[in-house]
Amino acid sequence: MSQTDTSPPPSTASTPVPAERFTAAQKIAMAVLLTANFTLAVDFSILNVALPHIGTELGFATSALQWIVTSFALCAAGFTLFFGRVADLFGRKRLFMIGIVLLGVSSLAGGLATEPVLLLAARVGQGIATAMVTPAALSLMTTMFPEGPARSRALGLNGALMAAGFTAGAVLGGLLTGAVSWRWAFFINVVVAVAVIAIAPFVLREPARGARPKLDVPGAVTITLALVALVFGIDTAGHNGWTHPGTWGPILGALILFAVFLKIEARVTEPLVAPGLLKRSNIGWGNTAGLLAFGTFTSLVFLLTLYLQQILGYSAITAGLILGVLGIGTVIGGLVAPKIIGKTSAKTAIVAGLVVQAAATAPLAFAGDTRAWLVPVLILTFVGGIANLVAIVGYVVASTSGVPANQQGLATGLVTMSQQVGIALGTPVMSAIATGMVAATLLPGLQLAIGVNAVIAIGAAILIVAFLRLPKAVAPVATPEPADMTV
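Because the structure is a prediction, the values reported are computed rather than measured.

S.K.: What is the right way to look at a nonpolar patch on the surface in this model?
M.R.: A cluster of nonpolar side chains, Trp-242, Trp-248, Leu-252 and Leu-255, forms an exposed patch at the surface whose accessible area comes to about 420 Å². Residue position: Leu-255 is located in helix 10 (residues 245-267).

S.K.: Can you walk me through the packing of helix 1 (residues 24-43) against helix 7 (residues 149-179) in this structure?
M.R.: The description of two packed helices rests on the angle between their axes and on the distance between the axes. Contact geometry for helix 1 and helix 7: axes closest at 7 Å, N-to-C directions at 35°. Our pair here, helix 1 against helix 7, has a crossing hand that is right-handed. On helix 7, the residues that touch Met-30, Leu-34, Asn-37, Phe-38, Ala-41 and Val-42 of helix 1 are Ala-154, Leu-157, Asn-158, Leu-161, Met-162, Ala-164, Gly-165, Phe-166, Ala-168, Gly-169 and Leu-172. Along the lines of polarity and charge, the residues of the contact of helix 1 with helix 7 split into 13 nonpolar, four polar and no charged.

S.K.: Looking at this structure, I do not really get the packing of aromatic side chains. What am I missing?
M.R.: What describes a pair of aromatic rings is the distance from one ring centre to the other and the angle between the planes of the rings. For the structure on display, the rule yields eight aromatic pairs. Ring centres of Trp-285 and Phe-467 lie 4.8 Å apart, and the angle between their planes is 10°; on these two criteria the pair is classed as stacked. Pair noted here: Trp-285 is in helix 12 (residues 281-311) and Phe-467 is in helix 17 (residues 443-467), with a separation of 182 residues, a long-range link. Aromatic ring contacts, followed pair by pair, group Phe-79, Phe-82 and Phe-83 into a single cluster. Over the face of the ring belonging to Tyr-314 we find Arg-371, whose NZ or CZ atom lies 4.0 Å from the ring centre.

S.K.: When you look at the domain arrangement of the protein in this model, what are you seeing that I'm missing?
M.R.: Interfaces are often sized by the amount of accessible area the parts lose when they come together. Domain parsing of the protein yields domain 1 (23-205), domain 2 (217-269) and domain 3 (274-471). With centres defined by C-alpha atoms, the gap from domain 1 to domain 2 works out at 24 Å. Here domain 1 packs against domain 2, burying approximately 870 Å² in sum over the two surfaces, 77% of which is carbon and sulfur. A per-residue breakdown of the area domain 1 buries against domain 2 is headed by Gln-66, Leu-74 and Gly-78, which together make up 46% of the total. At the surface where domain 1 touches domain 2, the tally comes to zero salt bridges. Summed over the shared surface of domain 1 and domain 2, the result is zero residue pairs in polar contact (both at pLDDT 80 or more). Sort the elements by how many residues they give to the side of domain 1 that touches domain 2 and helix 3 (residues 66-78) lands first, with six residues.

S.K.: Mind showing me how you'd approach helix 14 (residues 346-361) here?
M.R.: The end-to-end C-alpha distance of helix 14 is 22 Å, a good match for the 22 Å that 16 residues give at a rise of 1.5 Å each. The set of residues buried in helix 14 consists of Ala-346, Ala-349, Ile-350, Val-351, Gly-353, Leu-354, Gln-357, Ala-358, Ala-360 and Thr-361.

S.K.: Explain the packing of helix 1 against helix 8 (residues 184-203) here, please?
M.R.: Following both chains from N to C, one finds helix 1 and helix 8 inclined at 155°, their axes separated by 10 Å at the closest point. Judged by the inter-axis angle, helix 1 sits roughly antiparallel to helix 8. Judged by the sense of rotation from one axis to the other, the crossing of helix 1 with helix 8 is left-handed. Listed contacts from helix 8 to Ile-28, Ala-29, Val-32, Thr-35, Thr-39 and Asp-43 of helix 1 are Asn-189, Val-192, Val-196, Ile-199, Ala-200 and Val-203. Partitioned by chemical class, the residues of the contact of helix 1 with helix 8 number eight nonpolar, three polar and one charged.

Calculation criteria
- Residues numbered from 1 in each chain as written.
- Predicted model: local features only at pLDDT ≥ 70, side-chain atom pairs only at ≥ 80, totals over all residues.
- Heavy atoms only, no water.
- Patch = residues over 30% accessible without salt bridge, like charges linked within 9 Å, V, L, I, M, F, W, Y side chains within 5 Å.
- Areas by Shrake-Rupley, 256 points an atom, 1.4 Å probe, with all protein chains shown as cover.
- Salt bridge = Lys/Arg side-chain N within 4 Å of Asp/Glu carboxyl O.
- Helix = DSSP H or I, 4+ residues; strand = E, 2+ residues; numbered from the N terminus.
- Axes fitted to C-alpha atoms, helices over the stretch in contact; angles between N-to-C directions.
- Left-handed = near helix turned anticlockwise from the far one by under 90°.
- Contact = heavy atoms within 4.5 Å.
- Nonpolar A, V, L, I, M, F, W, Y, C, P; charged D, E, K, R; others polar.
- Phe/Tyr/Trp six-rings, centres within 6.5 Å; stacked < 30°, edge-to-face > 60°.
- Lys NZ or Arg CZ within 6 Å of the ring centre and 35° of its normal.
- Domains from an automatic or database assignment.
- Buried area = accessible area lost by both parts, 1.4 Å probe.
- Polar contact = N/O pair within 3.5 Å; in protein donor to acceptor, adjacent residues only side chain to side chain.
- Expected span 1.5 Å × (residues − 1).
- Buried < 20%, exposed > 50% of the residue type's maximum accessible area, 1.4 Å probe, protein only.
- Parallel < 35°, antiparallel > 145°, perpendicular 65-115°, else oblique.

Okay, here's the thing in structure tokens:
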């Protein structure tokens, strides 16, 4: 379905590297990759508002509605590391195209679904497509640009659109459900998939692959089961509480599977995750920062959605539009992050972003039950959105630095995994905290959860200061390019 560019990658030692400029071909390729990733980010949240409508129309039991969201999150988080390595072994462009085709087919099935089983199967397909496309697209970006300002700019744009996509999904889902039908939340993906399939084969390129090692099947199966079990256990806690028998069994099973996975990786000749890669401070701690940054950001969106609707009494569509301010902040954060990284470092961007995010989140823990709080909410979430994206772009740059081209799929698979596990785990954890308090209203629980959210953000910043170490990199030679190539 795709062809690999067999020409050898240019040597940064002999070829001038642009500072912050994309060629015309790179602009088109980036547009394709960013469109795909933005669409997949939207899919995480676009059906949240529509769940009651879907349940009524297709005959879902109220207790089963959570599976419309959970089935997607389980597959997106559980399979991402596996497909990140598959991208390295069999081709990022090829995997990207297969994932886009699967996205289109599963979305069409979801839009036409007339019973719960078919809709859930479509969401599973969308989740697996996300696990394919996201690491493949990210590794295509990191191999398209050498380390430096151009790569930081590309990753900044990607981070901005992905985070904005999560917020946009809530707004778009409400608008589509109210104005047309929830089915268009699926049909839009079909349109995007067809457009990407038509353009991507002609604009995407990747370096030639060398010898193809064997896929570590035992490791792939073990880590996938471990991630699925972990996400399922914590998701169960969010819906049914931490004392529910279905909560701790999967979590303990996940811990055992993680231990088995590490033993497998230490023994096989061609591991799924090279132990040396995980031992690198920038990869291990960079991805830890990413997991916490995504977990706190997406769960705060969930908490504020409850606050705006159940405490302040706004409609779902109005609440989504209010949170659009946060989405604007994330776009701005993604655009300014590369400049901050260029003047300081990826580590500084992570720490500064998390500290400012915590400072903007903490006052929301005191939000009251009057609409006078709306303006402070708008200002604080806008600032927090900017800060969160600065931290996110910083962690992606840190976690892909110093990694050879033949391991970029794995490195970006780890980045994607930390992102998707953070999204999958953050909301259930915060939901469990918010609903766990015995009170006359939901407000005290929401205040506690938002406070915990701020503490996690500042705790993450402290960990990064103490433990993250960036690899030493050789600065590329920057030369000017024609003005018409500037982005």
